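Each chain is listed here by its residues.
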Amino acid sequence: MKEYTDREKALLLASGEQSLKRRCSVAADALSYYPDTGGAKKIISALEKRHISFITCDDAEYPESLDGLYEPPPVLYYKGDISLLKSNCVTIVGSRRATRYGIEAAQYFAEGLAKKGVTIVSGLARGIDTAAHKAALDCGGKTIAVTACGLDTVYPAENADLMDEIAAKGLVITEYPPDTPPLSFRFPERNRIMAAISKGVLVTEAAKGSGALITADCAVELGRELWITPGSIFSRMSEGSNELLKECGRPVTRIGDILADTGGEDDGENAAGLTDVQKRVLEVIEHEGSAHYSLIARETGVTIPEVAKVLMKLELDGYVKRLAGNYYTLARNRRY
């Protein structure tokens, strides 16, 4: 009887079963479940044609952080730099239907952490995931995309260019072999990997029932850090994350908060001291009572994109409050 290598067993297992529970239930008996290695050879051939690499749980590149999972993936398929799995990672997740606040918060933390050498992990979904990946790449940082389908499929389709860029400059991974479609049950399965490979999970914005909350639950179960960006009490898109914040999350408003928790050094950047631009923005708002961001840009001589970033930071730190129609007013009981 032919003896199978561990790699062949894992590939046979992956090729024959797409359900996580089913794959794990037959893992111990892969030899009797599959009569020959045809499935493994077929997948290896398909991977080579599509320029997809893979590691199994027996390879040195396989991250120890996944060993703690109840059902660790037997195979990881990837494009890019596999060594990033063992770097200092932080996962950023949130709503697909993100608000401007959620997008800006994701960009702020992803860029700031990436500049400090932290690898940004997310799921390549619309909204917060896309914003986090792009912010990390735009500043020259590293990012990992964990997908819920085979790497021959791009989901969502509009992120095809982004996926290619991540593969070239970072890492795209999945536990699913080629030709695996992005069915709904695979997204919660994918989320456990995102939580496991990171020091912690940051939820920037999540409505009730959001898949981001599943990733947060995984982080808690695995003993990882869980950070929450406080959201507006009037926004439905922040209801889930605000509830989670009351239960078990740690509120964060500064990049240094996360750096300190991940073993990095909080050098005081983005601390309480206000910059000259921030002070000028606050002076305009105080003078007007409430001011539209376009007026603030005009009065301060700062570009609208830069004003948007400054206002987002001031809102996170509790100096200003956003009103309807993109007007801002000073927050009560906060001096500057």
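In short, a report on the structure. (Residues numbered from 1 in each chain as written. Predicted model: local features only at pLDDT ≥ 70, side-chain atom pairs only at ≥ 80, totals over all residues. Heavy atoms only, no water.)

Concerning helix α10 (residues 239-247)
Those residues of α10 that sit buried are Gly240, Ser241, Asn242, Leu244 and Leu245. Where α10 is buried, its residues meet β7 (200-205), α9 (211-222), β8 (225-228) and β9 (250-251). (Buried < 20%, exposed > 50% of the residue type's maximum accessible area, 1.4 Å probe, protein only. Helix = DSSP H or I, 4+ residues; strand = E, 2+ residues; numbered from the N terminus. Contact = heavy atoms within 4.5 Å.)

Topic: unusual backbone geometry
The amide bond that connects Tyr155 to the next residue, Pro156, takes the cis arrangement and shows omega of -5°. With respect to the element layout, Pro156 can be found in the loop between β5 (143-146) and α7 (160-169). With phi around 75°, Asp179 is a residue other than glycine that occupies positive phi space. Secondary-structure assignment places Asp179 in the loop between β6 (171-174) and α8 (186-196). Given the relative accessible area of 57%, Asp179 is considered exposed.

As for the pairing of strand β12 (residues 327-330)
Judged from the two bridges that link them, strand β10 (residues 291-292) and β12 form a sheet pairing that is antiparallel. Paired with His292 across the bridge in β12 is Tyr327. Bridge count between strand β11 (residues 320-323) and β12: four bridges; the pairing is antiparallel. Paired with Arg322 across the two strands is Tyr328, which belongs to β12. What sits between the antiparallel neighbours β11 and β12 is a turn of three residues, in which Gly325 has the positive phi angle 75°. (Pairing = 2+ DSSP bridges.)

Things to note about the sheet that holds strand β1 (residues 53-56)
The sheet built from nine strands is open, its strands ordered β1-β2-β6-β5-β4-β3-β7-β8-β9 with mixed pairing. Every other strand in the sheet has two partners, leaving β1 and β9 as the edge strands with one partner each. By the bridge criterion, three bridges tie strand β4 (residues 119-122) to β5 in an arrangement that is parallel. Each residue of the ladder has a partner; that of Ile120, found in β5, is Thr143.

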